[in-house]
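# Analysis of the macromolecular model
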Amino acid sequence: MEYMMRHRCDSAASVPQLTNSPTLIVMVGLPARGKTYISKKLSRYLNWIGVPTKVFNLGQYRREAVQSYKNFEFFRPDNEEAMQIRRACATNALKDVVIYFSKEHGQVAVFDATNTTRERRISIVSFSKEKGYKVFFVESICDDPDIIAQNITEVKVSSPDYVNCDKDEAQADFLKRIECYKQTYVPLDDEKDRHLSYIKIFNVGSRYLVNRVQDHIQSRIVYYLMNIHVTPRSIFLSRHGESELNLLGRIGGDSALSPRGHKYATALGGFIKGQHIKDLKVWTSHMKRTIQTAEHLGIPYEQWKALNEIDAGVCEELTYEDIQENHPEEFALRDQDKYRYRYPKGESYEDLVHRLEPVIMELERQENVLVVCHQAVMRCLLAYLLDKTADELPYLKCPLHTVLKLTPVAYGCRVEHICLNIEAVNTHRERPGNVDITRNPEEALKTIPDHF
Amino acid sequence: IELSSVPQFTNSPTLIVMVGLPARGKTYISKKLTRYLNWIGVPTKVFNLGQYRREVQSYKSFEFFRPDNEEAMQIRKACASNALKDVVIYFSKEHGQVAVFDATNTTRERRVSIVSFAKEKGYKVFFVESICDDPDIIAQNIADVKVSSPDYLNCDKEEALADFLKRIECYKQTYVPLDDEKDRRLSYIKIFNVGSRYLVNCVQDHIQSRIVYYLMNIHVTPRSIYLSRHGESNMNLLGRIGGDSGLSPRGHKYATALGTFIKSQHIKDLKVWTSHMKRTIQTAEHLGIPYEQWKALNEIDAGVCEEMTYEEIQDNHPEEFALRDQDKYRYRYPKGESYEDLVHRLEPVIMELERQENVLVVCHQAVMRCLLAYLLDKTADELPYLKCPLHTALKLTPVAYGCKVEHVFLNIEAVNTHRERPGNVDVSRDPEEALKTIPDHF
């Protein structure tokens, strides 16, 4: 069995080999071109699919070095003193990248800075070559003044730099800051930079130029970047209505809705109508309980097998009491590592994440979507949308009969919980205090929710 | 409406329009893309203009393609019209979802007329332009596929080459590539020099996004793909399906023989992939090469039928057994999977296989059938009955527009696990009829 552990380079579904060189993603672009937005979103995605990724934002290093920001003059290309500070910050950021890769098991680092001069980019490329890191540039080019103005309003005027300014002051200063950068900005060049690996994103994604994708992870990054958009929209997540197996405290299976579950589905339909959502797409799994829920909505829905609940293998349709009685060791092992634990003949949360990747990709492409799914599935989707870690994910609270409305805002997601006031059993089991395989049944069953 | 990763069938059909000078890989891309789309379940067909032209005109020389050849121009325009008429039939009467119009489409005029045609019919248009100025690549293409084309049946190689180069010159005179500015509202991908660089503009929907992702992952570097099942397993010996058993003694022998065979091939940088199941891992262990485990390569989940013999399935689930014989591709074992599910599960494996070079995939019968169907362009009906015997390695080498296959039987005996479709697939059939085609076992 030892060999099974030894060779666990889990390209389990679609995760690149962990033995590859680390990758340094280098953002390029004038201020207010979406670099930080892209950096954060891309990191969130890579971490979710299991590639340890971290953003190194130069602005934060600068704010730490120069305690208070005065005005755009700091960014004037002829401000020698400021230039020294800025170069030192870049060096420190790259030092931290080295630590992240060599000591913290990082696989991808995103260097979020303007990197607008050839000189700066050349020095990053040499640094990477010397360290054995692969480099991939992501350049964001935008000349639409409306988009830029929107960006500035959404994230710049509220930045720590402008904490004591009013909106118009902040706006005016920021525009002058952009002008400082424009003077020395040299975009990636078709000819001169033809040996570099990069993607250029034009005008928030209407157009892309992709050069020299080197490997699997860069190919996945390109695919992801080409599928995301910034059009305002909302994602609604809900579990199926309470099911008959839920009432009995049994996990898995493919049962129908209970009477209260049907009530919820009707209420959900009422809620959705009340939201007046434009062109809503509705997705369900292939299991009866989500389909029955969607049926009450009166809107066409698409069924995704990938949205099926986690397969509990030998524990399918058992109560937690049954599991404790029949598989006490497995029960404890699951509590020890709920994310990676795989039910015998079933799946783990980790498997679920990989299964859900095409769903996430399509969710990114779409606009208004309602996903009617299951507890474990919803936890995975929520973890992606709200940037939760693998440790938090299996314990996210996703109660029955509650809709979550997620609306992207600035760099994250606003979440509204809407409980539709139809009673349902609780299906959330907290991690018990004792996760040891030698624990007694009472300790194992301490946190199980009530059922009929 | 079912989905796992397949776009809605209720969307407008998509017309993919190839653009580029001759010998730029348009037909290669058209065929490969079509094979991929069909495999993932999107009904796709290629409409190759050269074939339409060959039907009405026997080829004499490059003069046919001179831009001032009025008579030929008429014929060529008529052929294009006919091809597009057939596209309409494919979409409206044959349930086609994507049509690939494989022609040079090198003038703005031609492309403008295609866009109007598509707009009028309600089809989406996506252009794929291949731009290549590397004379070695072009010479290679011409040698690989042009000199052996039906156009040059009665010419020797040098004559064919010389004529074809003059043909390219005819097109060059009027070639206008897609323009950054003027064509900024069209949806397209430009592929430069066989993939070192791509320009992607205005991707409209899911299928175009999948097409772009696929095109950006394929390459033409020569390599071979080796497919093998695990060595014979203990369950195989007992005629039981599924499960997670270890290798039989003969299975271990095969693994050793496979290792020797692989060594003798002197393969550069071979990647080895297995599933998460013991029998493929034990097989790979004998190779002495590092291997990666993919859960996606696990054998089809037979659900309630896991670890049963066919006799037991007939005994316990006779109706299911018959339903499976009726539609083996789409039939899903209760609490298990269908071949169709397997194809969707294998899509990331195929994508990575495209990115890689020399790879050995150690897998399972149903999985190998799916991979083989993709590589050899087999239909969903053929797929579940492809012959993938134990102890036989398949070496697939891309050549011209397809794949050369070498079957290498490593001379270690094994049970047969191939069950042909029986004559009677009716739910009311008797057990003997159901069990007629099951292979022998201990």
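Residues numbered from 1 in each chain as written. Chains lettered and ligands numbered in written order. Predicted model: local features only at pLDDT ≥ 70, side-chain atom pairs only at ≥ 80, totals over all residues. Heavy atoms only, no water.

### Observations concerning the UniProt feature "binding site: substrate" (unreviewed entry) in chain A
All names here are of chain A.
- When the UniProt feature table is mapped to this numbering, "binding site: substrate" (unreviewed entry) covers Arg239, His240, Gly241, Glu242, Ser243, Glu244, Leu245, Asn246 and Arg289. Look at the named residues: they lie 51 residues apart in sequence, but the longest C-alpha span between them is just 14.0 Å, so in the fold they bunch up.
- The residue Glu244 is located in helix H9 (residues 244-247) in this model.
- Once residues within four sequence positions are removed from consideration, Glu244 is found in contact with Ser255, Ala256, Leu257 and Ser258.
- Judged by its relative accessible area of 12%, Asn246 falls in the buried class.
- For Asn246, the residues in contact, after removing those within four places along its chain, are Arg239, His240, Gly241, Leu400, Val425, Thr427 and His451.
- Of the polar contacts made by the side chain of Asn246, one reaches the backbone nitrogen of Ser243; its length is 2.8 Å. (UniProt positions renumbered as here; feature names shortened; annotations may be inferred. Helix = DSSP H or I, 4+ residues; strand = E, 2+ residues; numbered from the N terminus. Contact = heavy atoms within 4.5 Å. Buried < 20%, exposed > 50% of the residue type's maximum accessible area, 1.4 Å probe, protein only. Polar contact = N/O pair within 3.5 Å; in protein donor to acceptor, adjacent residues only side chain to side chain.)

### Quick word on the packing of aromatic side chains
- Scanning the entire structure with this criterion turns up 31 aromatic pairs over all chains.
- Their ring planes at 5° and their centres at 4.0 Å tell us that Tyr36 of chain B and Tyr214 of chain B sit as a pair that is stacked. Placement of the pair is Tyr36 of chain B in helix H1 (residues 26-39) and Tyr214 of chain B in helix H7 (residues 206-215), with a sequence separation of 178 residues. For the pair formed by Tyr36 of chain B and Tyr214 of chain B, the shared burial category is buried.
- Grouping aromatic residues by their ring pairs yields a cluster made of Tyr69, Phe74, Phe75, Tyr162, Phe174 and Tyr181 of chain A.
- Arg44 of chain A extends its terminal NZ or CZ atom over the ring of Tyr384 of chain A, reaching a point 4.8 Å from the ring centre.
- Looking at Lys328 of chain B, its charged tip hangs above the ring of Tyr385 of chain B, at a distance of 4.6 Å from the centre. (Phe/Tyr/Trp six-rings, centres within 6.5 Å; stacked < 30°, edge-to-face > 60°. Lys NZ or Arg CZ within 6 Å of the ring centre and 35° of its normal.)

### Quick word on the pattern of salt bridges
- With the rule as written, the count across this model stands at 49 salt bridges over all chains.
- Connected through shared salt-bridge partners, Arg62, Arg63, Asp161 and Arg177 of chain A make up one network. (Salt bridge = Lys/Arg side-chain N within 4 Å of Asp/Glu carboxyl O.)

### Observations concerning the confidence of the model for chain B
Residue and element names in this part refer to chain B.
- Per-chain confidence: chain B averages 94 in pLDDT, with 98% of residues scoring 70 or above.
- Contacts of residues 1-9 to residues separated by more than four positions or lying in other chains number 31 contacts, the stretch itself having pLDDT below 50.
- This prediction of the complex comes with two scores: 0.92 for pTM and 0.89 for ipTM. (pLDDT = per-residue confidence, 0-100.)

### Side note on the pairing of strand S9 (residues 301-304) of chain A
Residues and elements named next belong to chain A.
- Of the two faces of S9, the one holding Tyr301 and Gln303 and the one holding Glu302 and Trp304 are both buried throughout.
- When strand S8 (residues 281-284) meets S9, the two strands line up parallel, connected through three bridges. Residue pairing across strands places Thr284 opposite Gln303, the latter belonging to S9.
- Read as a crossover between parallel neighbours, the route from S8 over helix H11 (residues 288-295) to S9 is right-handed. (Pairing = 2+ DSSP bridges. Right-handed = clockwise from strand over helix to strand, strands pointing away.)

### Quick word on the environment of Val87 of chain B
All names here are of chain B.
- Mapped onto the secondary structure, Val87 falls in helix H3 (residues 70-93).
- A relative accessible area of 0% means that Val87 is categorised as buried.
- Between the C-alpha atoms of Val87 and Leu161, which are 74 residues apart in sequence, the distance is 32 Å.
- For Val87, the contacting residues outside a window of four places in its chain are Leu15, Phe47, Ala99 and Tyr123.

### Things to note about helix H3 (residues 58-65) of chain A
All names here are of chain A.
- Looking only at H3, the buried set comprises Leu58, Gly59, Tyr61 and Arg62. Looking straight down H3, one finds that the buried residues subtend no more than 160° of arc, so they occupy a single side.
- In the core, the buried residues of H3 are packed alongside strand S2 (53-57), helix H4 (80-103), strand S3 (108-112), helix H5 (118-131) and helix H7 (167-182).
- Capping the start of H3 is the job of one residue whose side-chain oxygen sits 3.0 Å from the backbone nitrogen of Gly59: Asn57. (Arc of directions from axis to C-beta.)

### What to know about the packing of helix H14 (residues 349-365) of chain A against helix H15 (residues 375-386) of chain A
Residue and element names in this part refer to chain A.
- Where H14 contacts H15, the axes come no closer than 9 Å and their chain directions differ by 60°. Between H14 and H15, the angle falls in the class oblique. Regarding H14 and H15, the two cross each other, and that crossing is right-handed. Here Tyr349, Leu352, Val353, Leu356, Val359, Ile360 and Glu364 of H14 come into contact with H15, specifically with Ala376, Val377, Arg379, Cys380, Leu381 and Tyr384.
- Across the contact of H14 with H15, the residue classes break down as eleven nonpolar, no polar and two charged. (Axes fitted to C-alpha atoms, helices over the stretch in contact; angles between N-to-C directions. Parallel < 35°, antiparallel > 145°, perpendicular 65-115°, else oblique. Left-handed = near helix turned anticlockwise from the far one by under 90°. Nonpolar A, V, L, I, M, F, W, Y, C, P; charged D, E, K, R; others polar.)

### Describing the interface of chain A and chain B
- Taken together, the contact between chain A and chain B spans 46 residues of the former and 44 residues of the latter.
- Roughly 4,000 Å² is buried in total at the junction of chain A and chain B, and carbon and sulfur atoms are behind 47% of that figure.
- Where chain A packs against chain B, one counts six salt bridges.
- Linking chain A with chain B are 20 residue pairs in polar contact (both at pLDDT 80 or more).
- Of all the secondary-structure elements, those providing two or more residues to the side of chain A that touches chain B are helix H1 (2-6), strand S6 (207-211), helix H8 (216-225), S9 and H14 of chain A. (Buried area = accessible area lost by both parts, 1.4 Å probe.)

### Examining the UniProt feature "binding site: substrate" (unreviewed entry) in chain B
Residue and element names in this part refer to chain B.
- Within this numbering scheme, the UniProt entry marks Arg229, His230, Gly231, Glu232, Ser233, Asn234, Met235, Asn236 and Arg279 as carrying the feature "binding site: substrate" (unreviewed entry).
- The exposure class assigned to Ser233 is buried, which follows from its relative accessible area of 1%.
- Sequence-distant contacts of Ser233, defined by excluding residues within four places in its chain, comprise Ser245, Gly246, Leu247, Ser248 and Arg279.
- For Asn236, the location among the structural elements is in helix H8 (residues 234-237).
- Among all residues touching Asn236, those that are not within four sequence positions of it are Arg229, His230, Gly231, Leu390, Val415, Thr417 and His441.

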